Amino acid sequence: MAEARRFDLDRLSFRLTIGGLAGIALFFLIFPTAIVLLTSFTSTQSLRFPPSGYSLRWYAALIDAYQMQQAALNSLKVAAASTVLCVLLGTAGALAIGRSTARWAKILDSLFMSPLLLPALAFGFAALIYFSLVGAPLSLPTLILGHVAVCVPFVLRTTIASLAQLDPALLDASLSLGAGQFFTFRRVTLPLIGRGIAAGAFLAFMASFDNVPVSLFLTDARTEVLPIHLWQIIDTNLDVRTAAASGVLIVLTILLMVGAERFAGLSKQLH
Amino acid sequence: MTAPAGSASEWRLLLPLGAFFVLFFAAPLIVLLLVSLSDGLALDRFTLAQYAKFLGDAFSLSILFDTLALGVKATLVCLIFGLPLAWVCVHAPARLRSLLLFLVILPILTSVVVRTFAWIVILGRQGILNKAAISLGLIDEPLRLLFSEVGVVMVLAQVQMPLMVLPLITTLQRIDPNLADASWALGAGHWRTFRRVILPLWLPGLVAGSILVFAACTTAFVTQTLIGGARLVYMPLYIYQQATGANNWPFAAAMSVLLMTSVLLVVYLLNMVGRTRSAVQHG
Amino acid sequence: MTVLIGRRQILEAGLAAGALALLPRRANAADPLVVATFPGTWNEAHRDVLAPYFRKKTGAEVTQTIALATDQVAKLEASRGKPPFDVAIMDEGPLLDAVKAGVLEKYPVDKSPNYRDLVPAFQDPWGPKISLQVIGIGFNPRKIKERPKSWNDLFNPAYKGRVGLTALNSTLGMAFMVDLARTRGGGESDIEPAFKALKELLPGVGAISANLGAHAALFQQEQIDIAPYNFNFVQTLKEKGVDIEFATLDTGIPAWRTSLHLVKNAVQPDLAVQYIDAHIAPEVQEDMERTPYWVIPTNRKVPLKGEIVKQVAKSQDDLAKLRYFDWSKINERRSEWIERFNRDIKL
């Protein structure tokens, strides 16, 4: 009997601790986002929570926020272009590396993933110096190149993971039935790794849209992107329009995530 | 069917990415290194003066040290809260699991500016955190959380938490559940099983998560400046100020190289820890 | 199959948007004018009063970049061939640096009809003075019952832990230091008395903000209750519901002039001049001379009124009697003082 009680206490304390800590963690993961959403509906000019009144005025104010809209548009353009480049470069690279077990493949794999580990800020600054040295003025194309460098690892990772799950027997079958390399690639390989590529593309898009460290150095007032614009406003004023813009971004992110989940099985790709 | 290593088609596939990497990733970093060793953009003289200037200055060294310490503290907080969260995510019933995963992944995809801004609203003296703590009787005077290091660590930990939890979930799922069952069957309690069986096997995940979180925290410009209030100067802001405010590119380049090498050093050390522990494990 | 369709459509849309981004842009009339502005009251006044007036007159939109004057000079020096903005806004001190660095264009007076209506003291070949900034003490009237009268009130032990300071890279911070020194026997060449005083004050300081936005946040979050502050910014915060009032100093009101300038190699110089001219137009200055901006006008045709008359000066002549600074002396040692402040005055 004593043993059973000991086990109960042990199990109970374990479960309580784990559950409690996890609960706190989850609460703090969601809590700030919820606060921003609620605060964005305030009717006053202040960011106090809870808001003293509710209204949609700050969302309405976004309609006149010319500069914020321009920044959002720039971010969209850059993210779209970066994603396309990332998919092209990353898929090709993944096909070369992902199916080989040779040592050079592993080395290249780590090399191409290194942008995720290096402080992106240092790279952003390096890119600024580099472009200045070769005489390329700051513009959307240089910004896109900077973003691709730090976003392509996402496509690489998910595509390589997809390739790893690809049964080589399928490719053997296709080739032995007389199909050429390219045909096999287009009709057999590509559809099977399609979800991996799509997940990577989604991650690359979000990473580019939200990127700060590289944009910090590679943009100026003429090529402003949304995260930098929001940061500048927050740093200089406490403007409730930022809360409204945040609200829009949060809702859009959730929608995009649900879409990515349905079309690309995003959560499965990430673990 | 894998193409034999070094086949023409593989090299052709590799070329675009490889060329891009050389031109737009490796080259800028090399240029950064060169500029850090020079006196100006002319790149005519090579000198270690910039590094000497940084390493010989107590103020600058303290900034580097503070930045690395910040990363360590935030990583520890992520570990303490991330481990249980990952555990719950894996052991939860199936329907709850997808919801939990969604909630964990969502923050990474939301803009860091948005997430940090949320904390500004929460952490102020009159913010909800202080109000709640006061009403619960935990504290008498509102704490200074905004513009303090405690605040920065808290917010960093929350913002980067998903980077810790996802690798933890991945590795936990790979651990054979029979092992835990066997441990219980042999009489070990939950805590003992966790400590002696689960944790050692979970180590690769912990290392992976810690590396990602540490790297992200040290370079987290937005969170550090918005919550730290820019009086708490860490390396990212220092580099930014020297690069764009003072136009002192060589000095800023030296700082960037120092930041990169310190982060990579810590990453390497963490990797070593992971590898030696698992070596002891299996052999 | 759903996967393929979804992916292809996304790719196509992405290609289109991406191609758009990569096409070279030609500057055309639809491009917005990029201007620099100060944080706080300034960027709001420019966004809500000046930009709409400008848009009505020229049809062009305005994109703002918010930066302190010293940062603007650095940015202009870094990219002379293609400046990141066409209109610079300067306080007296950084203006001297900008002229020395050769990043500004002389103001084309003949293209600016409103220029001759400026009070002569505010005319300048490099660009018109658009306003004055005056500083004093911002304080929370609910927490601090006695109206502060001089910088000495910051040192009142009753306010320990609630005093705010701001870094020296903004003109507010620098003007505060120099004026504090002036009241204690020092001056533009010697602010040692100010550093000494601040070192003594340090235990009582609640927060030191590095920029003006943070300064506002500290008042709003009630982390500080008393601090040196601009007259305009206090009015703007008051409008936003923050408990704050402005107290003028018995020792005399420190002030400096703020001006707009045409940047060298501006991308749209004609639009830039029209923008600057709009800021000194009587309609705009009158519109800014009210809640929540209270920007002090410099056009002869605009009389002083309201809060300005109550707290600062009753007439243009009175404005001339405010305590100005010798910025050339301050500029000589500014970076030395900024570094010293950043190292010594730490919480």
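Residues numbered from 1 in each chain as written. Chains lettered and ligands numbered in written order. Predicted model: local features only at pLDDT ≥ 70, side-chain atom pairs only at ≥ 80, totals over all residues. Heavy atoms only, no water.

Chemist: Could you give an account of the overall build of chain C, with specific residues and numbers?
Modeler: Within chain C one finds 13 helices and ten strands. Here the C-alpha atoms of chain C give a radius of gyration of 22 Å, agreeing with the 20 Å that 2.2 N^0.38 yields for 347 residues. Over its C-alpha atoms, taken along the principal directions, chain C stretches across nearly 70 × 60 × 40 Å. Here the analysis covers contacts within chain C between residues at least 6 apart in sequence; of these, 72% occur between residues at least 24 apart. Counting 45 positive and 42 negative side-chain charges, chain C places the averaged centre of each group 2 Å from the other. (Helix = DSSP H or I, 4+ residues; strand = E, 2+ residues; numbered from the N terminus. Rg over C-alpha atoms; globule rule 2.2 N^0.38 Å. Contact = heavy atoms within 4.5 Å. Lys, Arg positive; Asp, Glu negative; His and termini not counted. Charge placed at Lys NZ, Arg CZ, Asp CG, Glu CD.)

Chemist: Pulling in residues and values, what's your account of the interface of chain C and chain B?
Modeler: Tallying the contact residues gives 20 residues for chain C and 15 residues for chain B. With both chains or domains summed, chain C and chain B bury close to 1600 Å², and 48% of this area falls on carbon and sulfur atoms. Broken down residue by residue, the surface that chain C buries against chain B is led by Gln221, Gln223 and Arg343 of chain C, which jointly contribute 37%. Inspection of the chain C/chain B interface yields one salt bridge. A salt bridge links Asp57 of chain B to Arg343 of chain C; the shortest N-O distance between them is 3.2 Å. Across the chain C-chain B interface, the total number found is two residue pairs in polar contact (both at pLDDT 80 or more). At the level of secondary structure, the elements contributing two or more residues to the side of chain C that touches chain B comprise helix H3 (69–78), strand S7 (205–209), helix H7 (212–220) and helix H13 (327–344) of chain C. (Buried area = accessible area lost by both parts, 1.4 Å probe. Salt bridge = Lys/Arg side-chain N within 4 Å of Asp/Glu carboxyl O. Polar contact = N/O pair within 3.5 Å; in protein donor to acceptor, adjacent residues only side chain to side chain.)

Chemist: Tell me about the interface of chain A and chain B, residues and numbers included.
Modeler: Contacts between the two partners involve 88 residues from chain A and, on the opposite side, 85 residues from chain B. Carbon and sulfur atoms make up 83% of the area that chain A and chain B hide from each other, which totals about 8300 Å². Between the two partners, chain A and chain B, sit seven residue pairs in polar contact (both at pLDDT 80 or more). At 21 residues, helix H1 (residues 2–39) of chain A tops the list of elements feeding residues into the side of chain A that touches chain B. Within the side of chain A that touches chain B, the residues separate by chemical class into 69 nonpolar, twelve polar and seven charged. (Nonpolar A, V, L, I, M, F, W, Y, C, P; charged D, E, K, R; others polar.)

Chemist: How would you summarise the side chain of Thr116 of chain B if you had to cite specific residues and measurements?
Modeler: If you trace the backbone, Thr116 of chain B turns up in helix H5 (residues 112–123). Residue contacts for Thr116 of chain B: discarding those within four places in its chain leaves Val222, Thr223, Leu226 and Ile227 of chain B.

Chemist: I'd like a description of the pairing of strand S1 (residues 33–37) of chain C, backed by residues and values.
Modeler: Each regular strand carries side chains that alternate between the two faces of the sheet. All names here are of chain C. In terms of burial, S1 is largely enclosed, as five of its five residues are buried. Across the two faces of S1 the burial is the same, with Leu33, Val35 and Thr37 and Val34 and Ala36 all buried. For S1 and strand S2 (residues 62–66), the ladder comprises five bridges, and the chain directions are parallel. Paired with Val34 across the bridge in S2 is Thr63. Of the crossover connections in this fold, the one passing from S1 over helix H2 (residues 41–58) to the parallel S2 is right-handed. (Buried < 20%, exposed > 50% of the residue type's maximum accessible area, 1.4 Å probe, protein only. Pairing = 2+ DSSP bridges. Right-handed = clockwise from strand over helix to strand, strands pointing away.)

Chemist: So what about the environment of Arg55 of chain C? Which residues, and what values?
Modeler: Checked against the element boundaries, Arg55 of chain C lands in helix H2. Looking at Arg55 of chain C, the relative accessible area reads 37%, which means it is partly exposed.

Chemist: Quick one: what's the story with the packing of aromatic side chains, residue by residue and with numbers?
Modeler: Applying the stated criterion across every chain, the model contains 34 aromatic pairs over all chains. Residues Phe205 of chain A and Phe209 of chain A carry aromatic rings whose centres are separated by 6.3 Å and whose planes lie at 20° to one another, so their mutual orientation is stacked. Here Phe205 of chain A pairs with Phe209 of chain A, and both are found in helix H8 (residues 181–210), just four residues apart, close to one helical turn. In terms of burial, Phe205 of chain A and Phe209 of chain A fall into one category: buried. Taken together, the aromatic side chains of Phe125, Phe217 and Trp231 of chain A together with Phe221, Tyr240 and Trp249 of chain B make up a single cluster linked through ring pairs. Directly above the ring of Trp126 of chain C sits Lys106 of chain C, whose terminal nitrogen or CZ lies 5.0 Å from the centroid. A cation sits over an aromatic face here: Arg340 of chain C above Phe195 of chain C, 4.0 Å from the ring centre. (Phe/Tyr/Trp six-rings, centres within 6.5 Å; stacked < 30°, edge-to-face > 60°. Lys NZ or Arg CZ within 6 Å of the ring centre and 35° of its normal.)

Chemist: I'd like a rundown of helix H4 (residues 103–113) of chain A, residues and numbers included.
Modeler: Residues and elements named next belong to chain A. Taken together, the buried positions of H4 are occupied by Ala105, Leu108, Phe112 and Met113. An end-on view of H4 places all buried positions within 125° of arc, on one side of the element. Exposed residues lying more than 90 degrees from the buried face of H4 are Arg103 and Lys106. (Arc of directions from axis to C-beta.)

Chemist: Give a detailed account of the pattern of salt bridges, specifying residues and quantitative values.
Modeler: Residues and elements named next belong to chain C. The full count for this structure, using the stated rule, is 28 salt bridges over all chains. Between Asp179 and Arg182 there is a salt bridge, and its shortest N-O distance comes to 3.1 Å. On the criterion of helical spacing, the pair formed by Asp179 and Arg182 is a turn pair, its members being three residues apart in helix H5 (residues 171–183). We classify Arg182 as buried; its relative accessible area is 19%.

Chemist: Report on the packing of helix H3 (residues 58–91) of chain B against helix H9 (residues 190–218) of chain B, specifying residues and quantitative values.
Modeler: All names here are of chain B. Axis separation between H3 and H9 bottoms out at 9 Å; the angle between their running directions is 135°. One way to sum up the angle between H3 and H9 is to call them oblique. Considering the relative orientation of H3 and H9, their crossing is right-handed. Here Thr67, Leu68, Gly71, Val72, Ala74, Thr75, Cys78, Leu79, Leu83, Ala86 and Trp87 of H3 come into contact with H9, specifically with Phe194, Ile198, Trp202, Leu206, Ser210, Val213, Phe214, Cys217 and Thr218. A breakdown of the residues in the contact of H3 with H9 according to their chemical character gives 15 nonpolar, five polar and no charged. (Axes fitted to C-alpha atoms, helices over the stretch in contact; angles between N-to-C directions. Parallel < 35°, antiparallel > 145°, perpendicular 65-115°, else oblique. Left-handed = near helix turned anticlockwise from the far one by under 90°.)

Chemist: So what's going on with the packing of H5 of chain B against helix H7 (residues 149–174) of chain B? Residues and values would help.
Modeler: Residues and elements named next belong to chain B. At a minimum axis distance of 11 Å, the contact between H5 and H7 shows a crossing angle of 140°. With respect to their mutual orientation, H5 and H7 come out oblique. Once H5 is placed against H7, the crossing between them reads as right-handed. In contact with Val112, Arg115, Trp119 and Leu123 of H5, H7 contributes Gly151, Met154, Val155, Gln158 and Val159.

In short, the description is geometric, and any link to function would need to be established separately.
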